[in-house]
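Listed below, chain by chain, are the residues.
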Amino acid sequence: MNFLAHCALAWDAASVWSCHNKQRTGLLAGGILGDFVKGRVDPSWPIELQAGVRLHRKVDALSNRDPHTRACSNLFTPELRRLAPIFVDLLGDYHLANHWTEFYAIDLHQFTQECYASLGRYEAYLTEPGQRFYQYALDV
């Protein structure tokens, strides 16, 4: 799961869209939460969190249709091909983490702490797997 790339893109979107802090927090939380919720986005959720999950899903859809992602995915054996885009995404996160300062002025550790704090603001909306991930992230 490529949380770093999703959160980085949410950060960029918040900047481009001139979002206020609450909106940015929702986009960042959605950058993580999007991998833990399935189906329709709950309309009772805070609008900024709904936007974050929808952004996450749009990024996934774009990435999965990208010809480069497809070409890389096709290198995997047929039985792994369904999971291949996830592996490709993980490699993308690995590359982004190792070259973070080429793209962002904010310190990577500070950025990840802000992402986890954003997720914490919406902890009540986490599924059981999301809760486990959040607790793990806090312990690291």
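As shown above, the structure is provided for reference.
These lines cover the structure that appears in this document, whether it is placed above or below. (Residues numbered from 1 in each chain as written. Predicted model: local features only at pLDDT ≥ 70, side-chain atom pairs only at ≥ 80, totals over all residues. Heavy atoms only, no water.)

## Remarks on the packing of helix 1 (residues 3-16) against helix 6 (residues 108-121)
So, point 1. Contact pair helix 1 / helix 6: the axes reach a minimum separation of 11 Å and the direction vectors enclose 85°. As summarised for this structure, helix 1 and helix 6 are arranged roughly perpendicular, according to the angle between their axes. For the pair helix 1 and helix 6, contact is made by Leu4, Cys7, Ala8 and Trp11 and by Leu108, Phe111, Glu114 and Cys115, respectively.
So, point 2. Taken together, the residues of the contact of helix 1 with helix 6 sort by class into seven nonpolar, no polar and one charged. (Axes fitted to C-alpha atoms, helices over the stretch in contact; angles between N-to-C directions. Helix = DSSP H or I, 4+ residues; strand = E, 2+ residues; numbered from the N terminus. Parallel < 35°, antiparallel > 145°, perpendicular 65-115°, else oblique. Contact = heavy atoms within 4.5 Å. Nonpolar A, V, L, I, M, F, W, Y, C, P; charged D, E, K, R; others polar.)

## Description of the packing of helix 2 (residues 21-33) against helix 3 (residues 47-65)
So, point 1. It is the contact of helix 2 with helix 3, at a shortest axis distance of 7 Å, that shows an interaxial angle of 45°. Relative to helix 3, the element helix 2 lies oblique. Crossing of helix 2 against helix 3: the hand is right-handed. Taking contact as the criterion, the partners of Lys22, Gln23, Gly26, Leu27, Ala29, Gly30, Gly31, Ile32 and Leu33 in helix 2 are, on helix 3, Glu48, Leu49, Ala51, Gly52, Val53, Leu55 and His56.
So, point 2. Partitioned by chemical class, the residues of the contact of helix 2 with helix 3 number eight nonpolar, six polar and two charged. (Left-handed = near helix turned anticlockwise from the far one by under 90°.)

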